[in-house]
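In case you want the letters, here they are:
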Amino acid sequence: MPKHQTTAQQRARQAARGGGKYTQALREATGAAGSAAGGAAPDPGEPGGSRYGGHAFDYEPETDLFRCSSCRVYEVAATADDGSITPCVGMVGFGGDTERVYLLLTANPALPSYYGTALAGVVRETGLGRAPRFSYRDGRMLIETAPSVVDQLARRIDELAFTRETPFGDVPVRAVTGIEHLTAEQGRAVLAENYAAYVADYGEPA
Ligand SMILES: [Zn+2]
């Protein structure tokens, strides 16, 4: 699957890599003052991507730079003058484990779908995994993690409960009703399927 970026985004990214401001470079490239930069779309068929040394660079509005959502390094810092990229060491807390496995979570149908955002937030806060873009579809959420911490993460997700208001008072409701362990290949296949479904419904993401 091709990495979907406009030429303007690619040029702006190039400028950002050289230490420039991404949004400013994007504005100059598109000639559109005040256009909001949506950041670069990660390649869903290849999470993390090999093209960027295994890093998953996401746009960080606070700094106007790209930062790896796994190892937290900035793209400018990871890129040498000759354009070569220091390989990603994996997620913080993974002890340099660069291998990837996935958990496919079934969100508790008793909870409204917007709890998915909270669930992704909790997972990210553990530092043991993350919900990549296009990870959520039809009540199921794909979580990217590493073999060394996957069991620990699965346990924490299994114990996770959200509080829900009912006419009888607040009750704890389990966040997920199912946790399926997937290999790297299976996980990427799910992401590719989700991406295809997204494109079918909404078109290519910006
Ligand atoms: Zn990285």
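The shown structure was predicted, so the numbers you read here are calculated from the model rather than taken from an experiment.

So, how was this worked out
- Residues numbered from 1 in each chain as written.
- Predicted model: local features only at pLDDT ≥ 70, side-chain atom pairs only at ≥ 80, totals over all residues.
- Helix = DSSP H or I, 4+ residues; strand = E, 2+ residues; numbered from the N terminus.
- Contact = placed C-beta atoms within 7 Å.
- Expected span 1.5 Å × (residues − 1).
- pLDDT = per-residue confidence, 0-100.
- Buried ≥ 20, exposed ≤ 12 C-beta atoms within 10 Å, placed from the backbone.
- Pairing = 2+ DSSP bridges.
- Arc of directions from axis to C-beta.

Trainee: I would appreciate a short explanation of the overall build of the chain in the present structure.
Mentor: If you tally the helices and strands in the chain, you get 6 helices and 9 strands. Residue pairs in contact within the chain that sit at least 24 positions apart in sequence constitute 57% of those at least 6 positions apart.

Trainee: Is there a simple way to explain helix α4 (residues 115–126) in this structure?
Mentor: Spacing of three or four residues puts side chains on the same side of an α-helix, whose turn is 3.6 residues. With 12 residues, α4 extends 17 Å between its outermost C-alpha atoms, agreeing within 8% with the 16 Å of an ideal straight helix rising 1.5 Å per residue. Two residues or fewer past α4, Gly127 is found with a positive phi of approximately 75 degrees.

Trainee: I tried to follow unusual backbone geometry on my own but got confused; where do I start?
Mentor: Most peptide bonds take the trans configuration, and most residues that are not glycine carry a negative phi. A positive phi angle is found at Asp64, which is not glycine, with a value near 65 degrees. On the secondary structure map, Asp64 appears in the loop between β1 (57–60) and β2 (65–68). Phi is positive for Phe134, close to 70 degrees, though the residue is something other than glycine.

Trainee: What should I look at first to understand the confidence of the model for the chain in this one?
Mentor: Detailed reading of the predicted model is not advised wherever pLDDT is low. Across the chain, the average pLDDT comes to 80, with 74% of residues at or above 70. Long-range and interchain partners of residues 31–49, a stretch whose pLDDT sits below 50, account for 49 contacts in this model, where long-range means more than four residues apart.

Trainee: When you look at the pairing of strand β8 (residues 169–174) in this model, what are you seeing that I'm missing?
Mentor: Consecutive side chains of a regular strand alternate in pointing toward one face of the sheet and then the other. When you tally the buried positions in β8, you get 0 out of 6 residues, a small fraction of the element. Relative to β8, strand β7 (residues 161–166) is paired through 6 bridges, and the arrangement is antiparallel. What sits directly across from Thr163, in β8, is Pro172. Hairpin geometry of β7 and β8 is characterised by an intervening segment of 2 residues between the two adjacent antiparallel strands.

Trainee: Is there a simple way to think about the environment of Asp170 in this case?
Mentor: Relative to the assigned elements, Asp170 resides in strand β8. What makes Asp170 exposed here is the crowd of 9 C-beta atoms within 10 Å.

Trainee: Any chance you could explain the environment of Asn194 here in plain terms?
Mentor: One can find Asn194 in helix α6 (residues 184–202). Asn194 sits in the buried class, given 21 other C-beta atoms within 10 Å. Through-space distance from the C-alpha of Asn194 to that of Arg133 is 9.5 Å; in sequence the pair is 61 residues apart.

Trainee: I tried to follow helix α5 (residues 150–159) on my own but got confused; where do I start?
Mentor: Taken residue by residue, α5 has Val150, Leu153, Ala154 and Ile157 as its buried positions. Mapping the buried residues of α5 onto a view down its axis gives an arc of 100 degrees, with all of them on the same face. What points out from α5, more than 90 degrees from its buried face, is the exposed set Asp151, Arg155 and Glu159.

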